[in-house]
Amino acid sequence: MRTREIRAEYDRETITVYQAYRPDIAVPALEHGTFVAPFSRGRMTWIKPSFLWLMARSDWARKPGQEMILAVRISRSGWEEALSEAVPTDPDRRVFRNADEWRARFREATVRVQWDPERSLRGEKLEARSIQIGLSRHIVDRYVDDWIVAIEDRTPLARKIHRLVQDGCAAKARTFLPENAPTR
């Protein structure tokens, strides 16, 4: 596994990203197949292809406000559009001549990209990095109205895997993890 490599559940047309929400946002999204009120289009929303990273972040859907885990299948063209507009959350000397150039681009960015440590089944930080994409209010309409193909509730799966890990059955828990292959 390379340090920065996008790993996800995907096919030729779609890629699955994960988000954790409270039920009053998640349930209507599941019913409508996209996000509706009270989901806010006026703030940044973060999408993550790493299931285990989100499990660490949401404490396996137990953290207040993150009780439901949604698998959001979006179009590959939407994913690629987001990546093409993304500015990293940290200045990268391979991309920007200096910190001032990065700051100027970052201030205007509609999409942000951040690389966080991938997580193990038990939540430990790994050497590899997982991407997360922040969609600003300036592009979130495209995500909600154009990119989303389907939304699935993965909360029961998260709870099942977590219960197996707690019961000392990590090998069995791994068999239930969503695919996490390098994207092509």
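Here, every reference points to the structure presented above.
What comes next is a walk through the structure. (Residues numbered from 1 in each chain as written. Predicted model: local features only at pLDDT ≥ 70, side-chain atom pairs only at ≥ 80, totals over all residues. Heavy atoms only, no water.)

Regarding the packing of aromatic side chains
In the structure shown here, the tally under the stated rule is eight aromatic pairs. Ring centres of Tyr18 and Phe51 lie 5.4 Å apart, and the angle between their planes is 70°; this geometry places the pair in the edge-to-face category. Of this pair, Tyr18 sits in strand β2 (residues 14–21) while Phe51 sits in helix α2 (residues 51–58); the two residues are 33 residues apart in sequence, bridging distant segments of the chain. Between Phe51 and Trp60, the aromatic rings sit 6.4 Å apart at their centres with planes inclined by 75°, giving edge-to-face as the arrangement. In this structure Trp60 comes out as buried when scored by relative accessible area, which is 9%. Members of the aromatic cluster, each reached through a chain of ring pairs, are Tyr21, Phe35, Phe39, Tyr143 and Trp147. (Phe/Tyr/Trp six-rings, centres within 6.5 Å; stacked < 30°, edge-to-face > 60°. Helix = DSSP H or I, 4+ residues; strand = E, 2+ residues; numbered from the N terminus. Buried < 20%, exposed > 50% of the residue type's maximum accessible area, 1.4 Å probe, protein only.)

Overview of the sheet that holds β2
Strands in a sheet are paired, the pairing made by backbone hydrogen bonds, and the direction either parallel or antiparallel. Here three strands make up an open sheet; going across it, the order is β2-β4-β8 and the pairing antiparallel. Looking at which strands have only one partner, the edges of the open sheet turn out to be β2 and β8 (148–153). When strand polarity is set aside, the average angle formed by the axes of neighbouring strands in this sheet is 25°. Note that strand β4 (residues 68–75) and β8 share five bridges and pair antiparallel. Bridge assignment links Ile74 to a residue of β8, and that residue is Ile148. Where helix α1 (residues 23–32) meets the sheet, its contacts fall on β2, β4 and β8, and the angle it forms with β4 comes to roughly 40°. Helix-sheet contacts for helix α3 (residues 76–85) involve β2 and β4, and the interaxial angle to β4 is about 95°. (Pairing = 2+ DSSP bridges. Axes fitted to C-alpha atoms, helices over the stretch in contact; angles between N-to-C directions. Contact = heavy atoms within 4.5 Å.)

In short, shape yes, function no, at least from these values alone.
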